[in-house]
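Residues per chain, in single letters:
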Protein chains: 2
Amino acid sequence: MPSPIRVAILGATGAVGTELLELLASRNFPLADLKLLASPRSAGKTLEFQGEKLPIQVVDGSAFKDCDLVLASAGGSTSKRWAEEITKAGAVMVDNSSAFRMVPEVPLVVPEINPEAAQNHQGIIANPNCTTILMGVAIYPLHQIQPIQRIVVATYQSASGAGAMAMEEVKHQSRDILAGKTPQAEILPYPLAFNLFPHNSPITDNHYCEEEMKMVQETRKIFAAEEIRITATCVRVPVLRAHSEAVNLEFATPFPVDLAKTAIAKAPGVKLVEDWQKNYFPMPIDATGQDDVLVGRIRQDISHPNGLDLWLCGDQIRKGAALNAVQIAELLVERGWL
Amino acid sequence: MPSPIRVAILGATGAVGTELLELLASRNFPLADLKLLASPRSAGKTLEFQGEKLPIQVVDGSAFKDCDLVLASAGGSTSKRWAEEITKAGAVMVDNSSAFRMVPEVPLVVPEINPEAAQNHQGIIANPNCTTILMGVAIYPLHQIQPIQRIVVATYQSASGAGAMAMEEVKHQSRDILAGKTPQAEILPYPLAFNLFPHNSPITDNHYCEEEMKMVQETRKIFAAEEIRITATCVRVPVLRAHSEAVNLEFATPFPVDLAKTAIAKAPGVKLVEDWQKNYFPMPIDATGQDDVLVGRIRQDISHPNGLDLWLCGDQIRKGAALNAVQIAELLVERGWL
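Treat the numbers as computed from the prediction; the structure is a model and nothing was measured.

## A closer look at the overall build of chain A
Move 1: Scanning chain A from N- to C-terminus turns up eight helices and 15 strands.
Move 2: For chain A, the C-alpha atoms occupy an extent of roughly 60 × 55 × 40 Å along the three principal directions.
Move 3: Within chain A, the fraction of its 338 residues that count as buried is 63%.
Move 4: In chain A, the proportion of contacts linking residues at least 24 apart, taken out of those at least 6 apart, comes to 66%.

Structure, rendered in structure tokens:
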């Protein structure tokens, strides 16, 4: 039994922050202390943790002393603002933002894929982007059998990826549309209710959006396979909190479908969900609240002798963010890598 | 000016049927007579056409005499049931169902792509599946410049593809979920509101569903290019009436993005919609009610030297069904091919 540690959650009031709280409780994380940090607008509020009301503290320079681990989920600029204070205070930061993911000396970790990468951290470990994690756990079991050469992926991303307020906005928009009113878009760039749109992260020089380039670059880093060729189309859909992805894989030689199913069925963090008779496959409503990424519709690609198609759904807030961060924290504690 | 013709709509009360009526009116189709046919449960009802109330007649064996053209949109079994009566009566059937699409002697026509195929009809011309039409008009301009070798497509299909009642069901389900109630699924196999699922058409022997195989087989037939390799993942999303598709194309040699944009911008039936500065691209709410398929996000595939990625949205009921059928009818009238 590892010694309990002192944890702070930075961004405790957000969609991911509240899920972190829930997971620390339900997974009996060995806590010596838990500090909830947020911006001044949450000052004075409390959040419940294991029957106790914990106060939310405003983050400042002294907030990180007496912390062993900081779970940061307050966005990239907040992570950048406090990273030095956190590491100088001697704490390890597991960062859910994109701020440090592609920094070469920062490990980018999915515990089912590359746990060893966490060992050599220098105070910061990055949690990958949601779409990357969900695809990664699903296809890594195949990559271990035969290296993936190319990925063509299209995503169906829920509102939760844009935060708790975006989830509320989709509900408001739906109510307005059903009442014959014009929906308002304040958090999201366009109405999402009964609509969808290409992911609105900034467009990069190669005309992919940042969200798409995260899938490309982060997958390569986590798999330690810079040679994988990846193209992604990321799309926001009117679903609340689980993401889906249609994934096309190419290998150097044919990959038997049965072998793929067996590998996925026994891999950690994924669950094979397919009933071909009943036409039942992974759906966001079934993935919601689940730890595992649901994978199904695994089939031989009829357009490529060495291709496979598959379909997955995973809870964006859980395995796509908070759960993966807690798993990294558990890994650090268990292996003594703090 | 071609002579007016006598038209019947078979399945006049459905989502596509009512759109056919609207299009015949708004496009000033040269009508000598218009007969509305439906099943007995619509007997006695009327539908408005150019300010007049037209009675709905129950379809029977004598319904097709005195018709030059029948626009059929009542599903495959109804089309099969009446095809012989229609052609024996001397009328030409433009069939919106999948019943005859892959019959070798039945032309499968998208007027922007293969109008000449309609000339040699033997009484039946098939209207392709919605997803096939929308993708076809978008990518055919590129195929004409350099033959497409492979397509990897993922669809985002609206409720309208499952009919008018499915559209209503999604609204009901949304209301129920927003009110904290459990949504009911009667038309659709699973709740679609705030959810999505792989297209529930029957699974074929190769583990693709029928909807996916329509995209594969129909595209090849319309393009007269059996050699194109195609894989599709079809997904139903909680959008009302416009479909979206993420399309990855492979060519034999690199396809310059600027050339692709120019070709699509000047092609009939498509509209280039992309504002990279504003991150504004095709969306279902913008495609709804439009004749053109909106195409954007055209970019060099970074995973393949000869690849292009693009994104499209099109009105499923309009160009995906009713408009294409009316365009076929116009083609037959204009060229004297009835």
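## Concerning the sheet that holds strand β2 (residues 31–38) of chain A
Residues and elements named next belong to chain A.
Move 1: Pairing within the open sheet is mixed, and its seven strands lie in the order β3-β4-β2-β1-β5-β6-β7. Among the strands making up the open sheet, the edge pair consists of β3 (46–49) and β7 (124–126). For this sheet, the mean inter-axis angle between neighbouring strands, taken without regard to orientation, is 25°.
Move 2: Of the strand pairs in this sheet, strand β6 (residues 92–95) and β7 are connected by three bridges, and their pairing is parallel. Looking at β7, one finds that M93 is bridged to I124.
Move 3: Set on the sheet, helix α2 (residues 76–88) makes contact with β1 (5–10), β5 (69–72), β6 and β7; between it and β6 the angle comes to about 160°.

## A word on unusual backbone geometry
Residues and elements named next belong to chain A.
Move 1: The residue N279 is not glycine, and still its phi comes out positive at about 55°.
Move 2: Positionally, N279 belongs in the loop between β13 (270–272) and α7 (284–287).
Move 3: In this structure, R297 takes a positive phi of about 55° despite not being glycine.
Move 4: Counting through the fold element by element, R297 comes out in strand β14 (residues 293–300).

## A closer look at the sheet that holds strand β10 (residues 229–233) of chain B
Residue and element names in this part refer to chain B.
Move 1: Spatially, β10-β8-β12-β15-β14-β13 is the arrangement adopted by the six strands of the open sheet, whose pairing is mixed. Each edge of the open sheet is held by one strand with a lone partner, namely β10 and β13 (270–272). Strand-to-strand twist across the sheet, computed as the mean angle between neighbouring axes with direction ignored, equals 25°.
Move 2: Strands in contact with helix α6 (residues 257–266) are β13, β14 (293–300) and β15 (307–315); relative to β14, the strand with the most contacts, it is inclined by about 170°.

## So, the UniProt feature "domain: Semialdehyde dehydrogenase NAD-binding" (unreviewed entry) in chain A
Move 1: Listed under "domain: Semialdehyde dehydrogenase NAD-binding" (unreviewed entry) in the UniProt record, and renumbered for this structure, are residues 6–121 of chain A.
Move 2: As annotated, residues 6–121 of chain A has a helix share of 22% and a strand share of 28%, and its two end C-alpha atoms lie 19 Å apart.

## Remarks on the nonpolar core
Nonpolar side chains in soluble globular proteins tend to be buried together.
Move 1: Among the nonpolar cores identified, the biggest contains 99 residues, and A:L69, A:L71, B:L69 and B:L71 are the most heavily contacted of them.
Move 2: Ignoring anything within four residues of it in the chain, the contact list for B:L69 reads B:I5, B:R6, B:V7, B:A8, B:F29, B:A91, B:V92, B:V94, B:A329, B:L332 and B:L338.
Move 3: The next biggest cluster of nonpolar side chains, apart from the first, holds 60 residues, and it includes A:M93, A:F100, A:L142 and A:I151.

## Things to note about the interface of chain A and chain B
Move 1: With 61 residues of chain A at the contact, the number on the chain B side is 61 residues.
Move 2: Buried area between chain A and chain B, both sides added, is near 5,100 Å², and the carbon and sulfur share of it is 62%.
Move 3: Looking at the side of chain A facing chain B, the largest losses of area belong to A:L178, A:F194 and A:I302, adding up to 13% of the total buried there.
Move 4: Our enumeration of links across chain A and chain B arrives at eight salt bridges.

## Comments concerning the UniProt feature "binding site: phosphate" (unreviewed entry) in chain A
All names here are of chain A.
Move 1: Taken from the UniProt record, the annotation "binding site: phosphate" (unreviewed entry) applies to R101.
Move 2: Mapped onto the elements, R101 comes out in the loop between β6 and β7.
Move 3: For R101, a relative accessible area of 4% translates into the label buried.
Move 4: Beyond its immediate stretch of four places on either side in the chain, R101 contacts N96, V106, L108, A126, N127, P128, N129, K214, E218 and K221.
Move 5: Within the local environment of R101, its side chain forms a polar contact with the backbone oxygen of N96, the two atoms lying 2.9 Å apart.

Thresholds applied
- Residues numbered from 1 in each chain as written.
- Chains lettered and ligands numbered in written order.
- Predicted model: local features only at pLDDT ≥ 70, side-chain atom pairs only at ≥ 80, totals over all residues.
- Heavy atoms only, no water.
- Helix = DSSP H or I, 4+ residues; strand = E, 2+ residues; numbered from the N terminus.
- Buried < 20%, exposed > 50% of the residue type's maximum accessible area, 1.4 Å probe, protein only.
- Contact = heavy atoms within 4.5 Å.
- Pairing = 2+ DSSP bridges.
- Axes fitted to C-alpha atoms, helices over the stretch in contact; angles between N-to-C directions.
- UniProt positions renumbered as here; feature names shortened; annotations may be inferred.
- Core = buried A, V, L, I, M, F, W, Y, C linked by side-chain atoms within 4.5 Å.
- Buried area = accessible area lost by both parts, 1.4 Å probe.
- Salt bridge = Lys/Arg side-chain N within 4 Å of Asp/Glu carboxyl O.
- Polar contact = N/O pair within 3.5 Å; in protein donor to acceptor, adjacent residues only side chain to side chain.

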